[in-house]
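A closer look at the structure
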Amino acid sequence: MCGRYASFRETQDLADAFAIDAALVDDRARELAPSWNVAPTDDVRIVVERGRKQDDGTTGPVERSLRVARWGLVPSWAKDPSVGNRMINARAESLLDKPAFTKPFAARRCLVPAEGYYEWRVVEPGTPATAGRKATRPRKQPYWITPADGDVAALAGLYEFWRDPSRGADDPLRWLVSAAVVTRAASDDLAPIHDRMPLVLPRSAWDAWLDPTVGKDEAAALLDVAPETMVTRTVSPLVSSVRNNGPQLLDPTDPGEPPCATP
DNA sequence: CCAGACGTTGTT
DNA sequence: GTCTGG
DNA sequence: CCAGACGTTGTT
DNA sequence: GTCTGG
């Protein structure tokens, strides 16, 4: 779950929403194209808090910034970045036991801004919506899921740095920043569509989640926040292919058959 | 000790 | 790097 | 997450 | 069926 989402809000709006100083918005974040179909391995915008490395080698005061990360956490020990292709999610329930996530959770938590995310539900042929039509193979019905309050969704994330051994000290691509989205059990409202959902943090939890001086024990308490209320609608299967993009992917479609938990 | 994994999802 | 399994 | 590939050699 | 790429 949470393997596809959308992030198309203007960078300045994001900076405002997360109280980020304009000077701390990375150029790459400004240049990143809006996307209605963000897929694993894509570059995404993340909100982080850390002290910048200063010229004298020491670390400066903690600052909140908007940066770019590759979706799919690449552990520091990875031999190549493809390891991150499958580390797109981190289960809240087991986070603390996973070597790949231990340090990121203790010190490198981030927020992944999203306008909403997608889930797919498998619809078997022969159900009321397809009755009378020619028998078909199961179909994957995508859903668009957004916060009910219309605000930006702040997905809890973890990030990591990976040093590319093939690049020299001066190469700006020497350090790859990558991130994973934390998942949890779905709320009762969303369970009929899917049993997992991203951890959407309420505004009241943002500061503590981002604060690198907040340790793992305190941060772990944030994993249990009450789920945000979300609204859903069916959208076109165009979104299923990562090659498609654009606001039309969010166009509502006839739901046909309502989701049901137990057939 | 060394070798090998390190992750989630969905589906059966 | 760090943990697990053998 | 879904879609799409799934392979090597030798030659250009 | 299972892995890789986006």
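Just above sits the structure.
As the structure is a prediction and not an experimental result, all values here were calculated from the model.

Conventions and cut-offs
- Residues numbered from 1 in each chain as written.
- Chains lettered and ligands numbered in written order.
- Predicted model: local features only at pLDDT ≥ 70, side-chain atom pairs only at ≥ 80, totals over all residues.
- Heavy atoms only, no water.
- Helix = DSSP H or I, 4+ residues; strand = E, 2+ residues; numbered from the N terminus.
- Rg over C-alpha atoms; globule rule 2.2 N^0.38 Å.
- Buried < 20%, exposed > 50% of the residue type's maximum accessible area, 1.4 Å probe, protein only.
- Contact = heavy atoms within 4.5 Å.
- Areas by Shrake-Rupley, 256 points an atom, 1.4 Å probe, with all protein chains shown as cover.
- Lys, Arg positive; Asp, Glu negative; His and termini not counted.
- Charge placed at Lys NZ, Arg CZ, Asp CG, Glu CD.
- Salt bridge = Lys/Arg side-chain N within 4 Å of Asp/Glu carboxyl O.
- Core = buried A, V, L, I, M, F, W, Y, C linked by side-chain atoms within 4.5 Å.
- Polar contact = N/O pair within 3.5 Å; in protein donor to acceptor, adjacent residues only side chain to side chain.
- Pairing = 2+ DSSP bridges.
- Axes fitted to C-alpha atoms, helices over the stretch in contact; angles between N-to-C directions.

A few points about the overall build of chain A
Secondary structure assignment for chain A yields five helices and 12 strands. Its C-alpha atoms give chain A a radius of gyration of 19 Å, near enough to 18 Å, the size a compact globule of 263 residues would have. For chain A, the residues scored as buried account for 48% of the 263 residues in total. At a minimum sequence separation of 6, the contacts of chain A that also span at least 24 residues come to 71%. Carbon and sulfur atoms provide 51% of the accessible area of chain A, an area that totals close to 13,400 Å². With 33 positive and 37 negative side-chain charges, chain A shows a spacing of 7 Å between the two charge centroids.

Quick notes on the pattern of salt bridges
Enumeration over the complete set of coordinates arrives at 12 salt bridges. Among the salt bridges present, the one from Arg 203 reaches Asp 151, with a minimum N-O distance of 3.8 Å. Here Arg 203, found in helix α4 (residues 203-210), pairs with Asp 151, found in the loop between β8 (139-147) and β9 (153-163); they are 52 residues apart in sequence, far enough to count as distant. By relative accessible area, Arg 203 is classed as partly exposed at 48%. On the accessibility criterion, Asp 151 (36% relative accessible area) is partly exposed. Notably, a salt bridge pairs Asp 164 with Arg 167, separated by 3.2 Å at the nearest N-O pair. Asp 164 sits in the buried class, given a relative accessible area of 14%. Note on Arg 167: relative accessible area 29%, which makes it partly exposed. Taken together, the shared-partner salt bridges in this structure form one network comprising Glu 49, Arg 64 and Asp 207.

Notes on the environment of Arg 30
Relative to the elements of secondary structure, Arg 30 occurs in helix α2 (residues 27-31). A C-alpha to C-alpha distance of 6.0 Å links Arg 30 and Thr 11, two positions 19 residues apart in sequence. Leaving out residues up to four positions away in the same chain, Arg 30 has contacts with Thr 11, Gln 12, Ala 22 and Val 25.

Considering the nonpolar core
Residues Phe 18, Phe 101, Leu 111, Leu 158, Val 182, Leu 201 and Trp 209 are the most contacted members of the largest nonpolar core, which totals 37 residues. The biggest single contributor to this core is α4, with four residues. When sequence neighbours within four positions are dropped, the list of residues in contact with Phe 18 reads Val 47, Arg 64, Leu 111, Pro 113, Val 152, Ala 154 and Trp 206. Listed in part, the 27 residues of the second largest apolar core include Cys 110, Tyr 117, Ala 179 and Val 200.

Considering the environment of Asn 85
Inspection of the secondary structure assignment puts Asn 85 in the loop between β4 (59-71) and β5 (89-91). With relative accessibility at 36%, the residue Asn 85 sits in the partly exposed group. For Asn 85 and Pro 40, which are 45 residues apart along the polypeptide, the C-alpha to C-alpha distance reads 6.7 Å. Setting aside residues no more than four positions away along its own chain, Asn 85 makes contact with Pro 40, Thr 41 and Arg 70. Here Arg 70 takes part through its side chain, which lies 2.9 Å from a polar atom of the side chain of Asn 85.

Some points on the sheet that holds strand β7 (residues 116-123)
Where strands meet in a sheet, backbone hydrogen bonds hold them as pairs that are either parallel or antiparallel. Strands sit in the order β2-β1-β7-β8-β12 across an open sheet of five strands; the sheet is antiparallel. Sheet topology places β2 (35-38) and β12 (230-234) at the edges, where each strand pairs with a single neighbour. Between one strand and the next, the sheet's axes are offset by a mean angle of 30°, whatever the strand orientation. Pairing between strand β1 (residues 5-7) and β7: two bridges, direction antiparallel. When the sheet's bridge partners are listed, Ala 6 is paired in β7 with Gly 116.

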